[in-house]
Structure formats: structure tokens, C-alpha cells
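Letter by letter, the chains look like this.
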Amino acid sequence: MQSVCTDCNGEGEVISEKDRCKKCEGKKVLKEVKILEVHVDKGMKHGQKITFGGEADQAPGVEPGDIVLVLQEKENETFRRDGKDLFMNHKLGLVEALCGFQFMLKHLDGRQIVVKYPAGKVIEPAAVRVVRGEGMPQYRNPFEKGDLYVKFDVQFPENNWISPEKLVELEDMLPSRSEPPIITADTEEVDLQDYDVSQGSSGGGRREAYNDSSDEEGGHHGPGVQCAHQ
């Protein structure tokens with residue numbers, strides 16, 4: 001049976017008590033707290049590593065290893081990063097989307113910037129516009145920056161927000177409608193209704209019920225007959 005030597009603790013060497021170091025008590029190593037200063041350069045990415053060579057635990061006769069720090073990029077409430085570019089969403093009212101706008105934005109470096117869009121140019125729903133040079137700085141070349149992409153969510157007014165008389169005046173100022181369709185005697189008219197996405201489609205349930213009833217009446221069906229190709 002093998003066991004660890006109680007005199008040398010398996011190290012193969014016994015230091016007499018009179019020759020032992022008073023600080024380490026013959027263990028040859030001391031515990032020391034060392035503060036390492038980490039400098040994160042502009043433009044560094046998620047998962048990028050910072051290495052401190054030879055700063056890991058040390059032992060006699062063994063080359064010390066490295067301390068490797070892996071950067072974890074925190075999510076931001078306003079911006080989303082993709083490489084050197086930034087993406088964000090911004091809500092607009094209908095008046096702003098049609099008549100131009102400007103809004104204040106606090107950037108990641110603390111700067112306050114004003115984003116402007118001229119009157120006469122229209123922002124469509126879900127439209128994307130770009131601000132050149134306001135993205136992330138390039139790693140080791142911080143004067144070169146990516147772009148900032150802004151996706152707009154145009155907020156339309158509520159139903160019946162304007163009187164019928166004012167609505168006619170508004171229509172006169174907007175671009176003309178397209179020509180109305182020609183309605184004949186055999187044309188069937190239907191109305192659009194509000195739809196709640198959370199409730200799902202009622203057509204799917206009817207389709208499943210139809211399939212279940214057909215299975216019960218006819219039993220198990222094999223694969224359908226396919227047309228032959230010439």
C-alpha cells in the first residue's frame with residue numbers, strides 16, 4: 001500500500017526546522033495579493049482576451065502560467081452592437097414622419113447628439129436610416145468608426161381622432177387616392193375588422209376539426225395518388 005510521506009508531504013525533500021524560512025515555514029511559496037490594472041481599448045469585442053503573462057500561481061521549479069481575462073459585453077437598453085456598427089429603434093409620431101423632426105440622443109461615450117431629418121422627406125413605417133461615423137470605434141484605430149442605424153416605429157393616431165370635416169380637409173392636402181375599383185352587380189363586399197395577434201387564427205381550428213372528422217369517418221388513409229410525369 002502506498003501513502004504520502006508525512007515528513008515531506010510527498011515533495012521528496014525535508015528541510016530541517018533550523019533551516020526553514022521564517023515567512024513561508026519551509027513551503028517555498030507565500031500567498032500574496034497583487035492588483036492587476038486592466039486597460040480595455042476602444043473597439044474591443046465580446047469574447048476578446050486580455051493576457052497577463054507569467055502572473056498566474058508560482059511554484060519552485062515550475063514556469064508560472066498566464067492570467068487570461070475574457071471580456072463579457074453587457075447589453076445596452078438603447079443600442080445593439082454588430083461588429084463596428086450600432087443599431088437602435090426610435091418611435092415617431094405621424095406628424096414627425098411626414099414633416100421632419102429632430103431628437104436628442106445620449107451616445108455610449110456620454111456625448112449628447114442631435115439627430116435631424118429635414119421637412120419634406122417622409123419616414124415610412126419600419127424605415128431604416130443611417131448616421132455615418134457614429135458607430136463603434138475600430139479596435140487599435142479608434143478614429144475610424146462604424147455607422148449608427150436607426151429603425152423607426154411610426155405611431156399612428158387613435159381611431160376617430162379627428163372630426164369628419166377636418167378629415168376631408170386633411171385628405172385634400174395629402175396625395176390623391178388611387179382610382180376606386182369598379183363594383184359590378186356580382187361583386188361581393190366584405191369589411192376589414194380589428195385583429196388581435198394573441199388570439200390566433202380561427203381558421204386553423206376549423207381546419208383541424210375538419211381533418212379530425214374526415215379521419216373518423218374514413219379511417220386511416222394512405223398516401224395520396226400522384227400524377228405521373230411525362
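Scroll up a little and you will see the structure.
As a starting point, this report considers the structure included with it. None of the values given here were measured: they were computed from a predicted structure.

## Focus: the pattern of salt bridges
Inference 1: Tallied over the full model, the rule gives 7 salt bridges.
Inference 2: Between Glu124 and Arg129 there is a salt bridge whose closest N-O contact spans 3.2 Å.
Inference 3: Taking relative accessible area as the criterion, Glu124 reaches 41% and is therefore assigned partly exposed.
Inference 4: With a relative accessible area of 24%, Arg129 lands in the partly exposed category.
Inference 5: Where Asp147 meets Arg132, a salt bridge forms, and the shortest distance between an N and an O atom there is 2.7 Å. Of this pair, Asp147 sits in the loop between strand 9 (141-145) and strand 10 (148-155) while Arg132 sits in the loop between strand 7 (128-131) and strand 8 (137-138); the two residues are 15 residues apart in sequence, bridging distant segments of the chain.

## What about the layout of surface pockets?
Inference 1: Counted as a void, the largest pocket has a volume near 630 Å³.
Inference 2: Arg81, Leu86, Leu108, Met136 and Pro137 are, among the 21 residues lining the largest pocket, the residues nearest its centre.
Inference 3: Per-class residue counts for the lining of the largest pocket are 6 nonpolar, 5 polar and 10 charged.

## Quick notes on the side chain of Arg81
Inference 1: Relative to the helices and strands, Arg81 is located in strand 3 (residues 80-82).
Inference 2: Side-chain polar atoms of Arg81 contact the backbone oxygen of Gly43, separated by 3.1 Å.
Inference 3: In this view, Arg81 contacts Gly43, Met44, Lys45, Glu73, Leu86 and Met136; residues no more than four positions away in its chain are not counted.

## Some words on the sheet that holds strand 7
Inference 1: The 4 strands lie next to each other as 3-4-10-7, forming an open sheet whose pairing is mixed. Across the chains shown, the open sheet's two edge strands, defined by having one partner strand only, are strand 3 and strand 7. Recorded for the sheet is a direction-independent mean angle of 30 degrees between the axes of neighbouring strands.
Inference 2: Two strands pair when backbone bridges link them, and strand 7 and strand 10 are joined in this way by 4 bridges, in the antiparallel orientation. Residue pairing for strand 10: Val131 is matched across the bridge by Leu148.

## Section: the packing of aromatic side chains
Inference 1: All told, the structure shown has 4 aromatic pairs when counted by the stated rule.
Inference 2: Measuring from centroid to centroid gives 5.6 Å for Phe101 and Tyr117, while their planes differ by 25 degrees, and the two rings are stacked. Residue Phe101 is found in strand 5 (residues 101-106), and its partner Tyr117 is found in strand 6 (residues 112-117); the two are separated by 16 residues along the sequence.
Inference 3: By relative accessible area, Phe101 is classed as buried at 9%.
Inference 4: Joined through ring pairs, the aromatic side chains of Phe101, Phe103, Tyr117 and Phe152 make up one cluster.
Inference 5: Sitting above the plane of the Phe87 ring, Arg80 keeps its charged end 4.7 Å from the centroid.

## Here's the deal with the pairing of strand 6
Inference 1: Along strand 6, the buried face is formed by Ile113, Val115 and Tyr117; none of Gln112, Val114 and Lys116, which line the opposite face, is buried.
Inference 2: Bridge count between strand 5 and strand 6: 6 bridges; the pairing is antiparallel. Residue Met104 lies in a different strand from strand 6, and its bridge partner there is Val114.
Inference 3: Between the antiparallel neighbours strand 5 and strand 6 lie 5 residues, among them Gly110 with a positive phi of about 90 degrees.

## What about the environment of Asp41?
Inference 1: Secondary-structure assignment places Asp41 in the segment before strand 1 (49-52).
Inference 2: Residues Asp41 and Tyr139 lie 98 residues apart in sequence; the distance between their C-alpha atoms is 7.1 Å.

The rules behind each value
- Residues numbered from 1 in each chain as written.
- Predicted model: local features only at pLDDT ≥ 70, side-chain atom pairs only at ≥ 80, totals over all residues.
- Heavy atoms only, no water.
- Salt bridge = Lys/Arg side-chain N within 4 Å of Asp/Glu carboxyl O.
- Buried < 20%, exposed > 50% of the residue type's maximum accessible area, 1.4 Å probe, protein only.
- Helix = DSSP H or I, 4+ residues; strand = E, 2+ residues; numbered from the N terminus.
- 1 Å grid on protein atoms, 1.4 Å probe; cavity = no way out; pocket = protein on both sides within 12 Å on 5 of 7 lines; lining within 4 Å.
- Points joined across faces, edges and corners; volume = space filled by probe spheres on them.
- Nonpolar A, V, L, I, M, F, W, Y, C, P; charged D, E, K, R; others polar.
- Polar contact = N/O pair within 3.5 Å; in protein donor to acceptor, adjacent residues only side chain to side chain.
- Contact = heavy atoms within 4.5 Å.
- Pairing = 2+ DSSP bridges.
- Axes fitted to C-alpha atoms, helices over the stretch in contact; angles between N-to-C directions.
- Phe/Tyr/Trp six-rings, centres within 6.5 Å; stacked < 30°, edge-to-face > 60°.
- Lys NZ or Arg CZ within 6 Å of the ring centre and 35° of its normal.

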